[in-house]
Structures are given as structure tokens and as C-alpha cells.
Amino acid sequence: MAEEIFYWQALNRALDAELAADESVIVLGEDVGLYGGSYRVTEGLYAKYGEWRVRDTPISEGSFTGIGVGAALAGLRPVVEIMTINFALLAFDAIVNMAAKIPFMSGGQFPMPLVVRMPGGVAKQLAAQHSQRLEQMLMNVPGLRIAVPATPQDAWWQLRQAIRSDEPVVLLEHELLYFSKGPLDMALEAPPMHRAQIRRAGKQLTLVTWSRMVEISLRAAEKLAGKGIDVEVIDLRSLRPIDWERCVASLKKTHRLLIVEEDSHFAGAGAEVAAGLAERCLYELDAPPQRVAARETPIPYNATLEAESIPRVGDVIRAAERLCGV
Amino acid sequence: MEADRLKTMLRDMLLARAFEERAAQEYAEGNIAGFLHLYPGEEAVAVGVLRAAEPSDYVISTYREHVHALVRGIPPGEVMAELFGKRGGCSKGMGGSMHLFDRERRFMGGYAIVGETFPVATGIAYAIAMRDLPEVAICFFGDGAVNQGTFHESLNMAALWKLPVLFVCENNRYQIGTEIHRHSAVTEVYKRACAYQIPSKKVDGMDVLEVHAATLEALEQIRGGNGPQLLECETYRFRGHSMADPGSYRPQVEVKWFETNEDPLKIAIAETVTPYPDEEQIAAVGGDNIQRLRGHLHQEEVLTPDELETMRKAVAEEVEAAVRFAKESPEPDWEDARNALECNRQGEVLI
Ligand SMILES: Cc1ncc(C[n+]2csc(CCOP(=O)(O)OP(=O)(O)O)c2C)c(N)n1
Ligand SMILES: [Mg+2]
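Residues numbered from 1 in each chain as written. Chains lettered and ligands numbered in written order. Predicted model: local features only at pLDDT ≥ 70, side-chain atom pairs only at ≥ 80, totals over all residues. Heavy atoms only, no water.

Enquirer: Let's hear about the overall build of chain A: which residues, and what values?
Expert: In terms of helices and strands, chain A carries 13 helices and 14 strands. Relative to the 2.2 N^0.38 estimate, which gives 20 Å for 326 residues, the radius of gyration of chain A is 20 Å and therefore close to what a compact globule would have. Along the first, second and third principal axes, the C-alpha set of chain A runs to 60 × 45 × 45 Å. Split into buried and exposed, the 326 residues of chain A put 62% on the buried side. Sequence separation of at least 24 residues holds for 82% of the intrachain contacts in chain A that already meet a minimum separation of 6. A total accessible area of about 12,000 Å² is found for chain A, and carbon and sulfur atoms account for 55% of it. Once the 34 positive and 41 negative side-chain charges of chain A are each reduced to a mean point, those two points are 5 Å apart. (Helix = DSSP H or I, 4+ residues; strand = E, 2+ residues; numbered from the N terminus. Rg over C-alpha atoms; globule rule 2.2 N^0.38 Å. Buried < 20%, exposed > 50% of the residue type's maximum accessible area, 1.4 Å probe, protein only. Contact = heavy atoms within 4.5 Å. Areas by Shrake-Rupley, 256 points an atom, 1.4 Å probe, with all protein chains shown as cover. Lys, Arg positive; Asp, Glu negative; His and termini not counted. Charge placed at Lys NZ, Arg CZ, Asp CG, Glu CD.)

Here you go:
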């Protein structure tokens, strides 16, 4: 039975379910306990599971993420919440040098059941230091898996899968998605964590996107349909690995590729998508792949400039029209 | 202390309070967005410290820095315009509330990643020390920031190389929602300086005169080439952590969302009414800092009730003018953004 709930609620239920199912699951982060999480994701869990399972930390991202690594080495399944991805820059050593490397460097001796959850993206006038996605920085790290849920259903599925995985998983959430709503059916069986989903079927153009840009892209696709352009929207759901198969199958049908991403263009995640698909099926394409991405600037505080910094529905429509020669 | 200086500090504090309360109002009306971290309750720290500093000293602050900027002399209109995201703002609308900068006044920025002020201040102090100048880098930070690695790393280097930094902790006992006893093993921040043999002191941060005297003393020591000092100011913030603090807009948002299907963030922002503490709560931390200074001035007979009223009016007008300036200032455009991004290119054409 599906119900309409907020994205944060889906994450909250996933944590609750896994904390209940396995005593080795713990949650660590700033204000995750008594306060219930900056975005309510951990609400009620402190009261239910106590401070050893749901731990409020000081502002020490480097060390509490590293503590997650250590705890994972000793058999716990930590879910570390970093308040926003901007602060994760202080935890890159733990994520990149420790979590992603220890299983390999040890010759395969250790599981690393660590989940690092964090929201990223442009919200509302939070300025340059608080408006980053940085996904491409993590994509280049072998040993990590990156899930990017765009809906409450995926948030529920992918967080639970991440907690059950013995590999380190980064769950990239989005500040503007927490208060978005969608159906959640807790009984539905989950697809594999990295399987892409076709959010809208279409014949003329394949639009590959993820996270909050899924919604923007779907709105553009609706409008494009009215103009006679039939767009297939693929939600990648995972940025490492990427489900090439599903994208290639779509391109064999549409022969046109448009990538929509929130982060800036240069050396962004979209570059990997374009390169990966060109390697696999360049000759299927009728036109060069195109990217709609953020401007090459730190995000300005000013509201108008901020809004114009990242792709809007109109930008996606124009790019799709150009690609289809309209 | 001379009467003039006392009056200046009272005026600073009145302006600070009025400015911040007006900012809250403008936020509720939708003229300011984003995170807005306000300072009411903590004025004695910024005023006491910065009125003891020289114009040649550097100030490095956090995201809760409007008042530091005002006391430093950045015109209120430029600060307000920055909160409005306008071109007339001190960061030209690019930085916003958390990123006020004014190079001329050596206001070296508001930093929004907790713990950034330590290395920046220490680096500035390195540049001062190497050139043997009589200047000091004044580094503000909260009680929550001392658990960041940069605190320990920077204190060590500042002490090791005897750098002229004054570390000023604004201890308001909270790291957003986490009370100090739940985030720190040692809750008396000044004691942490001992680990690096940095002279340190705890003062009543609600008493502007005590803060001021302690700062003068510390700055004198630092200027004498004796290395860094740390001042812990015990204070209290009357408002919530920030206006858009997601934690403060919980249940009503959902209810309203169902009713109106409006943008939940907009609802949330409009609904953020942070209650003020009652007088009893304020008394428990030693009373309102402004009341205390006023009482002192009254006792010393340096300020008549009429003069106080005149001062209040002048401050109110100044805030009104700041808002007018902010409203009338134009929006920045992409040309401004590009100029900001490429300000160091010196006309070089890349590729
Ligand atoms: C590295 C980092 N982690 C987390 C945050 C989110 N955050 C912003 S302010 C704050 C609390 C800071 O408390 P404190 O240092 O005591 O300063 P106060 O806000 O009380 O003045 C937190 C956790 C951040 N901005 N940067
Ligand atoms: Mg604090």
C-alpha cells in the first residue's frame, strides 16, 4: 500500500527499520539525537534507541567520520550524517583515504559497512560555501559506491540497501528534496541499488539526470511533449557505478543524449556520463551529446543570480529543442 | 573610563540590537533569505573586544558577524544591503549574511564553515609577525568550533611561532541544538589554551566593560611580542541559532503544507517566530548586557535619560536609513558576478 510522505520521512523510516533489525547499526552526527536532525531525518530515534545507538557529536567531521570507519572495522554498521556535503570536505580523508582504501589495502580482510549520508545542492540563498554538490569529487574514488535517491521510495530503498551493504556507500541527498513528497510503498521489492530507472518513456531524446534535477527534467519533458518532442527521462539513482546498460538501451531507441546536472559543467558528473556513453554507443547518436549544467561560478547569494546559476525548466527545454533541431 | 568611550559603546550596542531585530523583521517579510544568524544578547563581546582594537588590527569572524562588521565601522546600509543581496552590500550581494567582507577596514570575512577562522587568522598573524608590525589578528569563534581540528592545529602553530593572534571565544553554550556539556569534555574553553601554553582568561561576556578591559590587556601583551592569547567570553544568545534553522520550523510546516500546498521553505521562513527568553531567564545569566551598561552609565552620571532617548532615536533612524539604502540599492548582475570571480585575473586572457 503506497502512501504519500515526505522524503525525510522515508529516510527516517529506513533508519528506524535498520536500527530495529540489527543491533550493530548506529547513527552518528551533529544534532542527530536530542534535536532530531537538522532536516528531521533522525527524529524520534534517540528516544527509541538511546545515545549509544544514536549519537550527537561535536563539530568534528574529520574525526566522527573516521570514528565511523573505526567502528565499522570492529563490526558495527555506522550511518554517519554530515549536516551538508560542504562540511564533508573536512571528512574526505576518512571517506577517501580510509573507508575506500582499507578493504583493498588490507588485501581484502575487512568489510567496510559504512554509510555516509549528506545533503548537497543549491537550496535558497545559502551562498557559495553552502550550495555545493561536489559529487564528481567522490565519483573518482574507486572503492566507493554513491547513491542519489530522488524520491521517497528510493530514499527508503537505497538507504536500507546502503546500510546492509558491506561496502562503503555515500548517500547524496538534497536539501530541497527533504520536504518534497511522493509515494512510498514499504512492501515493494527494491531494484538493485545502482539500477537506473526510466521515469518517463519517450522516443526522440534520452535525458539522463539524477537527484533534484529529475523533477526539473520531468517538468521540462511534459512541456516538450506539448511541443511534439517525446523525451525519455532516466534517473540514474547511482553515480558509482553508473547503469550504462539502461542508458545505452534508451539511446538505441532515441539516438539523442541530453544530460542535466545541478553542478557546474566543467569536469562534472555529466562529463563522465557523456564519455561513458560515447565509448559505448557513439555511432548510435545522431548529434553530439549535450549537457545542461550550472554556470562556472560559485553560487552567488543574490536570489536572482542564484536561480539563474543552475538549470531551470526553460534551460532544459531549450537544450532539448536545439538537440532535436527545432 | 572616559564618558565618551562609554557612550560610544552603549550606542554600538543599541545599534547592534536594533539592526539585528530589524533584520529579523525584514527576514520575516521576505526581504532577506538564507541562513540569518543573529546576535542579540552577545553584543557586549563584539563591542568590548573591537572597541579595544586599533584600525590596523585584522578581524576574522564567523557567519554570526553582522555586529562585528558594524562595530568595525562598515556602514549599516552596506551591511543591510548585503543581507538583501544587493550590489550596494559590502560583498556586492555575492556573499550575503554569512560572508561580509571589507578589505579597507581589515574586516577579513565572515566564514560559514565552522573552524575556518582559526587558520585564516593564524595566517594573517604570520604575515604580521614576519614583517614585525604592531598589528594583531582578532579571531572570533563559538564554543562549538573548538572541537574542530583546526582549533588545536592553529593554536599550536600560533604558540610555536609566537604569532600575534587574539582568539576570542563567544561561548553562548550552544552548538545549534547541542548544549556545551553534550559536545565538550572540557566545557571551560579557556582551559584548553593551557595545552599550548597560551595565556588565557575567562570573562563575563555580558559585561562590556570587563570584556573591554581584558581585551586591552591581552592586546598589549600580544603587541609586546609575547605570542597569542585567548579570551573566553561567557555569553548568551536570545534568539534561536538562525532564522532558517530547519529544526525550528517543524510541525506547523507540514500542517500548512497540507492546507495550502505552498512552498514549504517559504512557509517555514514565515513561521519562524523565535520566542525571547523572559526576564527571569535573562537575569539568570547576569541580566541583559545593554541594561547593565546603561545602569553603569546612569550610576556614573555620564548619561541623562534625555540623552539616552536621543541616542535611541538616532540609532532607530540609522537603521531605518540602512533599510532604505538596502531597498534602493540595485540588484547585482552577471557582469558583477564575473568581475568578482575574475578579480585577480588582471586582464589576462586565458586560452
Ligand atoms: C564544518 C561545519 N560543520 C557544521 C556546520 C553547521 N553549523 C553551523 S553553525 C553550527 C554551530 C556552531 O556553534 P558555535 O561554534 O558554538 O557558534 P554559534 O553558532 O553558537 O555562535 C553548526 C554545527 C558548519 N557550518 N560547518
Ligand atoms: Mg555556540
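Next comes the rest of the description.
Enquirer: I'd like a rundown of the packing of helix 4 (residues 76-83) of chain B against helix 14 (residues 305-328) of chain B, residues and numbers included.
Expert: Residue and element names in this part refer to chain B. Closest axis-to-axis distance for the helix 4/helix 14 pair is 8 Å, and the angle between their directions is 50°. The angle between helix 4 and helix 14 places the two elements in the oblique class. With respect to the hand of their crossing, helix 4 and helix 14 are arranged in right-handed fashion. Along the contact surface, helix 4 presents Pro76, Gly77, Glu78, Met80 and Ala81, while helix 14 presents Glu318, Ala322, Val323, Phe325 and Ala326. Its residues assigned to classes, the contact of helix 4 with helix 14 shows seven nonpolar, one polar and two charged. (Axes fitted to C-alpha atoms, helices over the stretch in contact; angles between N-to-C directions. Parallel < 35°, antiparallel > 145°, perpendicular 65-115°, else oblique. Left-handed = near helix turned anticlockwise from the far one by under 90°. Nonpolar A, V, L, I, M, F, W, Y, C, P; charged D, E, K, R; others polar.)

Enquirer: Before we move on, could you go through the environment of Phe118 of chain B and cite the residues and values that matter?
Expert: Residue and element names in this part refer to chain B. Relative to the helices and strands, Phe118 resides in helix 5 (residues 117-130). As a C-alpha pair, Phe118 and Ser154 span 36 residues in sequence and 5.9 Å in three-dimensional space. Residues in contact with Phe118, not counting those within four places in the same chain, are Cys139, Phe141, Ala145, Thr150, Phe151, Ser154 and Phe167.

Enquirer: Tell me about the sheet that holds strand 7 (residues 169-174) of chain A, and please be specific about residues and values.
Expert: Residues and elements named next belong to chain A. Overall, mixed pairing links the seven strands, which are arranged 3-2-4-5-7-6-12 in an open sheet. Strands at the two margins of the open sheet, each flanked by one partner only, are strand 3 (54-56) and strand 12 (238-240). Taken over all neighbouring pairs, the strand axes of this sheet differ in orientation by 20° on average, direction set aside. Running over the sheet, helix 3 (residues 61-73) touches strand 2 (25-29), strand 4 (77-81) and strand 5 (115-120) and is turned about 170° from strand 4. Against the sheet, helix 8 (residues 152-164) touches strand 2, strand 4, strand 5, strand 6 (145-147) and strand 7, its axis set at about 150° to strand 5. (Pairing = 2+ DSSP bridges.)

Enquirer: Account for the coordination of the magnesium ion (ligand 2), with residues named and values stated.
Expert: Residues and elements named next belong to chain B. Protein coordination at the magnesium ion (ligand 2) comes from Asp143 (OD), Asn172 (OD1) and Tyr174 (O), with a distance range of 2.1 Å. Between consecutive donor residues of the magnesium ion (ligand 2), the sequence gaps follow D-x28-N-x1-Y. Here Asp143 is found in the loop between strand 3 (137-142) and helix 6 (149-160), whereas its partner Asn172 is found in the loop between strand 4 (165-171) and strand 5 (174-175), with 29 residues between them in sequence. A residue is classified by how much of its surface remains accessible, and Asp143, at 1% relative accessible area, is buried. (Donors = N, O, S within 2.8 Å, 3.2 Å for Na, K, Ca; no water.)

Enquirer: Pulling in residues and values, what's your account of the domain arrangement of chain B?
Expert: Residues and elements named next belong to chain B. When the domains of chain B are assigned, the result is domain 1 (3-272 + 305-340) and domain 2 (274-302). The interface is formed by 29 residues belonging to domain 1 together with 17 residues belonging to domain 2. Taken together, both faces of the contact between domain 1 and domain 2 bury some 2,000 Å²; the carbon and sulfur share is 65%. Area buried by domain 1 at its contact with domain 2 is led by Leu10, Met206 and Phe238, which between them contribute 29% of it. In this structure, the connection of domain 1 to domain 2 is made through three salt bridges. Between Asp207 and Arg292 there is a salt bridge; the shortest N-O distance is 3.7 Å. At the boundary of domain 1 and domain 2, one finds five residue pairs in polar contact (both at pLDDT 80 or more). The set of elements that each furnish at least two residues to the side of domain 1 that touches domain 2 consists of helix 1 (3-28), helix 2 (43-50), helix 9 (208-223) and helix 14. Ranked by the residues each element gives to the side of domain 1 that touches domain 2, the list is headed by helix 1, at nine residues. In the side of domain 1 that touches domain 2, the residues fall into 15 nonpolar, three polar and eleven charged. (Domains from an automatic or database assignment. Buried area = accessible area lost by both parts, 1.4 Å probe. Salt bridge = Lys/Arg side-chain N within 4 Å of Asp/Glu carboxyl O. Polar contact = N/O pair within 3.5 Å; in protein donor to acceptor, adjacent residues only side chain to side chain.)

Enquirer: Requested: an account of helix 1 of chain B, with residues and values cited.
Expert: Its 26 residues give helix 1 of chain B an end-to-end C-alpha distance of 38 Å, which sits within 8% of 38 Å, the value for a rise of 1.5 Å per residue. Remark: Gly30 of chain B follows helix 1 of chain B within two positions and exhibits a positive phi of approximately 90°. (Expected span 1.5 Å × (residues − 1).)

Enquirer: Give a description of the pattern of salt bridges that names residues and reports values.
Expert: All names here are of chain A. For the coordinates displayed, the defined rule picks out 45 salt bridges over all chains. One salt bridge connects Arg55 with Glu51, and the closest N-O pair in it is separated by 3.6 Å. The salt bridge involving Arg133 is made with Glu135; its shortest N-O contact spans 2.7 Å. Residue classification places Arg133 among the buried positions, given a relative accessible area of 3%. Among the charged side chains, a salt-bridge network with shared partners connects Asp154, Arg199, Asp235 and Arg237.

Enquirer: Let's hear about the packing of aromatic side chains: which residues, and what values?
Expert: Evaluation of the coordinates by the stated rule reveals ten aromatic pairs over all chains. Ring plane angle 20° and centroid distance 4.6 Å describe the contact between Tyr39 of chain A and Tyr178 of chain A, whose orientation is recorded as stacked. Note that Tyr39 of chain A is positioned in the loop between strand 2 and helix 2 (45-49) and Tyr178 of chain A in the loop between strand 7 and strand 8 (181-184), a separation of 139 residues in sequence. The exposure class assigned to Tyr178 of chain A is buried, which follows from its relative accessible area of 1%. Consider the rings of Phe141 of chain B and Phe151 of chain B, whose centres lie 5.9 Å apart with planes at 55°: the pair is tilted. With Phe141 of chain B in strand 3 and Phe151 of chain B in helix 6, this pair connects stretches of sequence that are ten residues apart. Residue classification places Phe141 of chain B among the buried residues on the basis of a relative accessible area of 1%. Three or more aromatic residues joined by ring pairs form one cluster here, namely Phe118, Phe141, Phe151 and Phe167 of chain B. Taking the ring centre of Trp52 of chain A as reference, the NZ or CZ of Arg55 of chain A above it sits at 4.7 Å. Between Lys181 of chain A and the ring centre of Phe6 of chain A, over which it is positioned, the NZ or CZ distance is 5.1 Å. (Phe/Tyr/Trp six-rings, centres within 6.5 Å; stacked < 30°, edge-to-face > 60°. Lys NZ or Arg CZ within 6 Å of the ring centre and 35° of its normal.)

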